[in-house]
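For reference, the chains in residue letters:
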Amino acid sequence: RKDGGKPAGESSTRVKAPFATSFPAAFRELRAALGDDKISMERDELDQHGKEMSGYADPENPQIVAWPESTEDVVEIMKICHKYLIPVVPYAAGTSLEGHTVAPRGGVCVDVKNMNKVLQVNEEDMDCVVQPGVGWMELNDHCKPYGFFLGVDPAPGACIGGMCATCCSGTNAVRYGTMKDQVLNLTVVLADGTVVKTGQRARKSSAGYDLARIFVGSEGTLGIVTEATLRLRNIPEYTAVARVSFNTVHDACSAVIKILQKGVQLGAIELLDDEMCKAVNAYSGINPPLPLTPSILFKFTGTKAHVDEDIQTVKEITSRFSDYPYSFTTSEAELNELWGARKHAFWAAQTMTAGKELMATDVAVPISKLADCIAETKKELDASFLFAPIVGHVGDGNFHAVIMFDPNDPKEADEAHRLNRSMVLRAIAMDGTCTGEHGIGLGKKEYMIPEFGEAAVELMRTLKRALDPQNILNPGKIIDVDTGDRPPRVKAD
């Protein structure tokens, strides 16, 4: 059993001593610094902050939750935790998928949801300054009157702090890049309470080390982001979405490779395999339903003339790999229905298997390896007794398997982890990565050395020790800096 054998329905979270008992002096100082309305040791709050969305990590509660409202509040929290060597787990929306926000060592969960202000929109410079609790969808609503939007679109509900922490992306990454390509500057609070600003608002700089890139993707292990200056993009003049079905995922990915090699600049290129099409049809009620065969959704953005030209180019290329009709949206309602169905694919997969949990795993490979990697992965997933559809941002070589399983059934849990492991090692063997956008957390720590090698991982440990020598910031995530963190070694072959 995933929960150590406890009866179904009983909490699997290890009970930790109350924070006020474990750290009485620190508790008094936190209350004095923040006030009682910004901290909680209520069990419901601890339970909510001690679990994650995917099936990688057992629930592990913090001992106290703090809700800062400013950089100064975070500074006070970190100074106290540094003084008493208390673990700190940053928390934004809680939509991460690799065990990033669970707290196996207890300590303080720093929930930034009340740091939710858009501080500036600099219209002429096309950038903005926001706090980490701002949701990307809310930011887009705020910026829409200016004609701007943020270039990444991860899971609905995600907030800027977590998006920086995991270097998220989403469907738009093929056009606008990942989160690191949106960040101009960060304000970060380090383990000892020091406040660091990583840069200015210039669009480019060759001054010094690229500090922002050190913190983007660090998953709260090096510091806590309290402000972010982000690049904004123009809302496209015209948008259309086309759907093309294929006989196999190999044919679908082969068509994508040819389109990219042709130099067509698309807004997004999304794959749904036959199992995911079935799930999306059942969940969304899309009309007409998607054919139950691998499909690609192409998003075209730009001027009307540019989009019309790209549509014809993509139609010509895909016709070499598919005999299915080429259809594209003719109204905003059709576009929203079709793209909305894609954005809710994870939820659609969950409705197909009542009572199961989701293990959402992702990898990325060079574009030239994409067709083979997905085809081999799908063959293995289809042969499994678990329901495991595929969805992917195939325009940049990134795809996901949504593995549904019962974590309390040893056979299903073992099979889910076997499928994940096989997919990851296949991607690494093809010169790819164990994760394109979900991050490492606890779930994929064991693949760091197979992907990077011992020397590179040791360099990461050196950086972690330099910025957080007491190992209090999200300890045990991404890399291991002491014996207690280290998972079993995994060979890349």
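Residues numbered from 1 in each chain as written. Predicted model: local features only at pLDDT ≥ 70, side-chain atom pairs only at ≥ 80, totals over all residues. Heavy atoms only, no water.

Enquirer: Could you clarify how one ought to interpret the nonpolar core in this entry?
Expert: Side chains of a nonpolar character, in soluble globular proteins, are inclined to be buried together. Residues I296, F298, F300, I374 and V394 are the most contacted members of the largest nonpolar core, which totals 56 residues. At 8 residues, helix α15 (residues 410–429) tops the list of elements feeding residues into this core. Once residues lying within four places of it in the same chain are set aside, the contact partners of I296 are A242, R243, V244, F246, A252, V256, I269, E270, L271 and V394. Among the nonpolar cores identified, the runner-up in size contains 30 residues, and F148, C167, L186 and V225 belong to it. (Core = buried A, V, L, I, M, F, W, Y, C linked by side-chain atoms within 4.5 Å. Buried < 20%, exposed > 50% of the residue type's maximum accessible area, 1.4 Å probe, protein only. Helix = DSSP H or I, 4+ residues; strand = E, 2+ residues; numbered from the N terminus. Contact = heavy atoms within 4.5 Å.)

Enquirer: Sorry, what's going on with the sheet that holds strand β4 (residues 108–111) here?
Expert: Spatial ordering of the open sheet is given by β1-β2-β4-β3, a layout of 4 strands whose pairing is mixed. Looking at the sheet topology across the chains shown, the edges are occupied by β1 (39–40) and β3 (88–91). Across the sheet, helix α4 (residues 71–84) is in contact with β2 (64–66), β3 and β4; its angle to β4 comes to roughly 165 degrees. (Pairing = 2+ DSSP bridges. Axes fitted to C-alpha atoms, helices over the stretch in contact; angles between N-to-C directions.)

Enquirer: Just checking my understanding: could you explain the pattern of salt bridges for this structure?
Expert: Oppositely charged side chains can pair when the atoms bearing their charge come close. Under the defined criterion, the tally for this structure stands at 30 salt bridges. Residues D308 and K304 are paired through a salt bridge, measuring 2.8 Å at the closest nitrogen-oxygen approach. Of this pair, D308 and K304 are both found in helix α11 (residues 304–318), 4 residues apart, which corresponds to roughly one turn of the helix. D308 sits in the partly exposed class, given a relative accessible area of 32%. Here K378 ties to D382 by a salt bridge, and the two come within 3.1 Å at their closest N and O atoms. Of this pair, K378 and D382 both sit in helix α14 (residues 367–383), 4 residues apart, which is roughly one turn of the helix. Judged by its relative accessible area of 9%, K378 falls in the buried class. A residue is classified by how much of its surface remains accessible, and D382, at 44% relative accessible area, is partly exposed. Connected through salt bridges with shared partners, the residues E376, E380, E415, R418 and R426 form a single ionic network. (Salt bridge = Lys/Arg side-chain N within 4 Å of Asp/Glu carboxyl O.)

Enquirer: I'm lost on the sheet that holds strand β6 (residues 127–130) in this one. Help?
Expert: Strands in a sheet are paired, the pairing made by backbone hydrogen bonds, and the direction either parallel or antiparallel. Ordered by their spatial adjacency, 5 strands build an open sheet running β5-β6-β10-β8-β9, and the pairing between neighbours is antiparallel. Two strands in the sheet have a free side with no partner beyond their single neighbour: β5 (118–122) and β9 (195–197). Here the strands of the sheet are splayed against their neighbours by 10 degrees on average, with no regard to which way each runs. Two elements, β5 and β6, share 4 bridges in a ladder whose sense is antiparallel. Bridge assignment links N122 to a residue of β6, and that residue is D127. Packing against the sheet, helix α5 (residues 136–143) makes contact with β5, β6 and β10 (224–231), and its axis sits at approximately 45 degrees to β5.

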